[in-house]
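In case you want the letters, here they are:
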Amino acid sequence: MSRQAKMILDRAFRISEIDQRIYGSFIEHLGRAVYNGIYQPGHPSANEDGFRRDVIDLVRELQVPIVRYPGGNFVSNFYWEDSVGPVNERPHRLELAWKSLEKNEVGLHEFSKWAKAAGSEVMMALNLGTRGISDACNLLEYCNHPGKTKYSDLRIRHGQKEPYGFKTWCLGNEMDGPWQMGHKTAEEYGRLAEETAKAMKLIDPSIELVACGSSNRDMPTYALWEDQVLSRAYEYVDYLSLHTYFGNRAGDSSDFLAKSDDMDAFIREITATCDYVKAKKRSKKKMYLSFDEWNVWYHSNSADETIMSRPWQTAPSLLEDIYNFEDALLTGLMLIVLLRHSDRVRIACLAQLVNVIAPIMTEVNGGAWRQTIFYPFLHASRYGRGTALWPILSSPEHETSGHGPVTDVEAAAVYNGEKEELTIFAVNRNLAEDVALTADVRSFEGFAAAEHIVLEHSDLKAVNGAGQEHVKPKSVNRTAMDNGTLTAMLNKASWNVIRLRREERR
Ligand code: AHR
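Thresholds applied
Residues numbered from 1 in each chain as written. Predicted model: local features only at pLDDT ≥ 70, side-chain atom pairs only at ≥ 80, totals over all residues. Heavy atoms only, no water. Pairing = 2+ DSSP bridges. Helix = DSSP H or I, 4+ residues; strand = E, 2+ residues; numbered from the N terminus. Axes fitted to C-alpha atoms, helices over the stretch in contact; angles between N-to-C directions. Disulfide = S-S within 2.5 Å. Parallel < 35°, antiparallel > 145°, perpendicular 65-115°, else oblique. Left-handed = near helix turned anticlockwise from the far one by under 90°. Contact = heavy atoms within 4.5 Å. Nonpolar A, V, L, I, M, F, W, Y, C, P; charged D, E, K, R; others polar. Phe/Tyr/Trp six-rings, centres within 6.5 Å; stacked < 30°, edge-to-face > 60°. Buried < 20%, exposed > 50% of the residue type's maximum accessible area, 1.4 Å probe, protein only. Lys NZ or Arg CZ within 6 Å of the ring centre and 35° of its normal. Polar contact = N/O pair within 3.5 Å; in protein donor to acceptor, adjacent residues only side chain to side chain. Near = heavy atom within 4 Å. Areas by Shrake-Rupley, 256 points an atom, 1.4 Å probe, with all protein chains shown as cover. Domains from an automatic or database assignment. Buried area = accessible area lost by both parts, 1.4 Å probe. Salt bridge = Lys/Arg side-chain N within 4 Å of Asp/Glu carboxyl O.

*Asks:* Before we go on, may I ask you to explain the pairing of strand 21 (residues 435–440) in this structure?
*Replies:* Looking along a regular strand, one sees the side chains alternate between the two faces of the sheet. The sheet contact formed by strand 1 (residues 3–8) and strand 21 spans 6 bridges and is parallel. Directly across from R3, in strand 21, lies its bridge partner V435. Pairing analysis gives 6 bridges linking strand 21 to strand 25 (residues 485–490), with the strands arranged antiparallel. Within strand 25, the residue paired with L437 across the bridge is A488.

The structure is reproduced here in structure tokens:
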């Protein structure tokens, strides 16, 4: 007999309405994300602006509501003025973060056009590394002010009459990291974030601001950084950012799949820290979280060292992780964590979107293709809109080398009231045993099983490639409903999307 997991799922176990921006992503001027990624004039699929239509189609398929831009580490020495105005007058620059040559062929206007075509909003990041308050204000005036001022008129002269009205702005990137240009102490950054936020909100009070949190949970200043930064900037910012990347360097897949528990702990600890600062300040305001970089990142590490040892190349093939099946499972697990914290995580960006640690890859002389991680993201973005519900789950456990005993099954549930659909996302991260799930869903009277989608593969290391989709989802017949009880077989090492729908609408 297979292992058993039990779940109780009730309409009343409401976590939150899901902010669709948790399905955001990220495009940095890094490697082939922009050049030979989203932008490749001369490619057979390029549109009149030089953007690849095959890439836009895949981004549209993922339904990405917001894209963070232009960095990342890149932004910390970014001179936005270089990226606007006539393209042939734009300077070429040494790009210090990734030791590349930046020709500024794609800048703010071009990227906005691309984002519009891809159906996404732009989440603009500011350089608070080598620049500061006045440049942040100038850029905001350029982008969002209607006209009759120095920078808004410059925008109009550059051909954009209507203000862009960008709503969400990142106050720098990973400012706690010694690798960052203009890296700061928590006190220095807290003051800068506070004063920049204050000035920016004078220009446009409708904007929302994201302050940098820790670059990861292992930073030596972890939690103290959040405390000190928010102790300064709490009342002026709307979100605190979190970043995390996982890898399976030890080649221990079972432990690798337990790493989503670290992401869960990260969110819990940062939520607690935010609430601690709120208490200190007797503030009425709730701080939300922007998990604006998350993914698996490690496959390309050694290749990147070689590439960066030959600096100042244009669009070198940096950070081109080729994802395998177990990476897709961890991506699904991370999405489950984000959904279960949707009451606090309002923005999240899968880092990144095209070619650079990305779900979408391009061939310079060929098409665009879907990596393994494309699929869990697609399913969550497509079916994970509505109200997040808390599944009361009791799962068998298995032992891991670094995380001790962990649950076999991790799950999240989303109710879409408009479509009268309930979706359960579940990963069985036990690599050796199938698990039979029994779920009490009696509060969803009249609902029937509509579809059970599965991503599974006998080889955890299986990858996709151009024209080769070895890892792709399929519909299976492993779910049944009887009198308010759902039973589903969750095969070992599988990502499952179980969709229930009100019967008459099937
Ligand atoms: O996404 C790649 C890099 O990871 C980003 O530039 C940086 O913010 C992070 O360290």
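*Asks:* Explain the sheet that holds strand 24 (residues 479–482) to me, please; I cannot follow it from the model alone.
*Replies:* For sheets, the rule is that strands pair by backbone hydrogen bonds, running either parallel or antiparallel. With mixed pairing, 5 strands are arranged side by side in an open sheet as 16-1-21-25-24. Bordering the open sheet on either side are strand 16 (392–394) and strand 24, each of which pairs with just one other strand. With direction set aside, neighbouring strand axes in the sheet form an average angle of 15 degrees.

*Asks:* What is the right way to look at the state of the cysteines in this model?
*Replies:* A covalent bond bridging the sulfur atoms of two cysteines is what the word disulfide describes. Applying the stated criterion across every chain, the model contains 0 disulfides. No disulfide involves C212; its sulfur sits 7.6 Å from the nearest other cysteine sulfur, which is in C170. Note on C349: no disulfide assigned, nearest cysteine sulfur contributed by C170 at a separation of 7.2 Å.

*Asks:* When you look at the packing of helix 6 (residues 224–233) against helix 8 (residues 260–281) in this model, what are you seeing that I'm missing?
*Replies:* Relative placement of two packed helices is described by the angle separating their axes and the distance separating the axes. One can describe the packing of helix 6 onto helix 8 by two numbers: an axis separation of 9 Å at closest approach and a directional angle of 40 degrees. Between helix 6 and helix 8, the angle falls in the class oblique. Seen along the crossing, helix 6 lies across helix 8 with a hand that is right-handed. Residues E226, D227, L230 and S231 of helix 6 touch helix 8, and the partners they reach there are I270, T273, C274, Y276, V277, K280 and K281. Here the residues of the contact of helix 6 with helix 8 are counted per class, giving 5 nonpolar, 2 polar and 4 charged.

*Asks:* Please explain the packing of helix 3 (residues 133–144) against helix 5 (residues 186–203) as it appears in this structure.
*Replies:* Packing of helix 3 against helix 5 leaves a shortest axis separation of 9 Å and a crossing angle of 30 degrees. The orientation of helix 3 relative to helix 5 falls into the category roughly parallel. Of the two possible hands of crossing, helix 3 and helix 5 adopt the one that is right-handed. Contacts between helix 3 and helix 5 involve I133, A136, C137, L140 and E141 from the first element and L192, E195, T196, A199, M200 and I203 from the second. Looking at side-chain class alone, the contact of helix 3 with helix 5 contains 8 nonpolar, 1 polar and 2 charged residues.

*Asks:* Which parts of the structure should I look at to understand the packing of aromatic side chains?
*Replies:* The geometry of an aromatic ring pair is captured by the separation of the ring centres together with the interplanar angle, meaning the angle of the planes. One pass over the structure, following the stated rule, counts 20 aromatic pairs. With 5.8 Å between their ring centres and 20 degrees between their planes, F425 and W495 make a pair best called stacked. Of this pair, F425 sits in strand 20 (residues 421–428) while W495 sits in strand 26 (residues 494–502), and the two are 70 residues apart along the sequence. W495 matches F425 in its accessibility class, with the two residues each being buried. Plain terms: the ring middles of F444 and F447 are 5.3 Å apart, the flat faces sit at 70 degrees to each other, and that makes the pair edge-to-face. F447 shares its class with F444; the two are buried. The structure contains a cluster of three or more aromatic residues connected by ring pairs, namely Y35, Y39 and F51. Over the aromatic face of Y415 sits the side chain of R11, whose NZ or CZ is 5.1 Å from the ring centroid.

*Asks:* Any chance you could explain helix 6 here in plain terms?
*Replies:* Because the α-helix completes a turn every 3.6 residues, residues three or four places apart line up on one side. Every buried residue of helix 6 is accounted for by W225, E226, D227, V229, L230 and A233. Considering only its buried residues, helix 6 is in contact with helix 5, strand 10 (239–246) and helix 8.

*Asks:* Which parts of the structure should I look at to understand the side chain of R429?
*Replies:* Mapped onto the elements, R429 comes out in the loop between strand 20 and strand 21. Judged by relative accessible area, which is 1%, R429 ranks as buried. Within the structure, the side chain of R429 is placed 3.0 Å from the side chain of D261, a separation counted as a polar contact. Residues in contact with R429, not counting those within four places in the same chain, are L257, A258, S260, D261, L333, H398, V406, T407, D408 and E410.

*Asks:* Would you mind showing me how to read the site of the ligand here?
*Replies:* Taken together, 13 residues surround the ligand, and among them E28, N73, E174, Y245 and E293 come closest. The contact in question runs from an oxygen atom of the ligand to an N or O atom on the side chain of Y245, over 2.8 Å. Starting from 290 Å² of accessible surface for the ligand in isolation, the protein chains cover 96%. The class makeup of the residues in the shell around the ligand is 6 nonpolar, 4 polar and 3 charged.

*Asks:* What am I meant to see in the domain arrangement of the protein chain here?
*Replies:* Where interface size is quoted, it is often the accessible area lost as the parts come together. Here the domain parsing of the protein chain yields domain 1 (3–11 + 388–505) and domain 2 (19–383). Inter-centroid distance (C-alpha atoms) of domain 1 to domain 2 is 30 Å. Each partner contributes residues to the interface: domain 1 has 41 residues there, and domain 2 has 35 residues. Counting each side, the surface lost to burial between domain 1 and domain 2 is near 3,300 Å², with a carbon and sulfur contribution of 65%. Of all residues in domain 1, H403, R429 and W495 give up the largest surface area on contact with domain 2, accounting jointly for 19% of the area buried on that side. Linking domain 1 with domain 2 are 4 salt bridges, by the criterion used here. Close ionic contact of E326 with K461 constitutes a salt bridge, the shortest N to O distance being 2.8 Å. For the pair domain 1 and domain 2, the number of links is 15 residue pairs in polar contact (both at pLDDT 80 or more).

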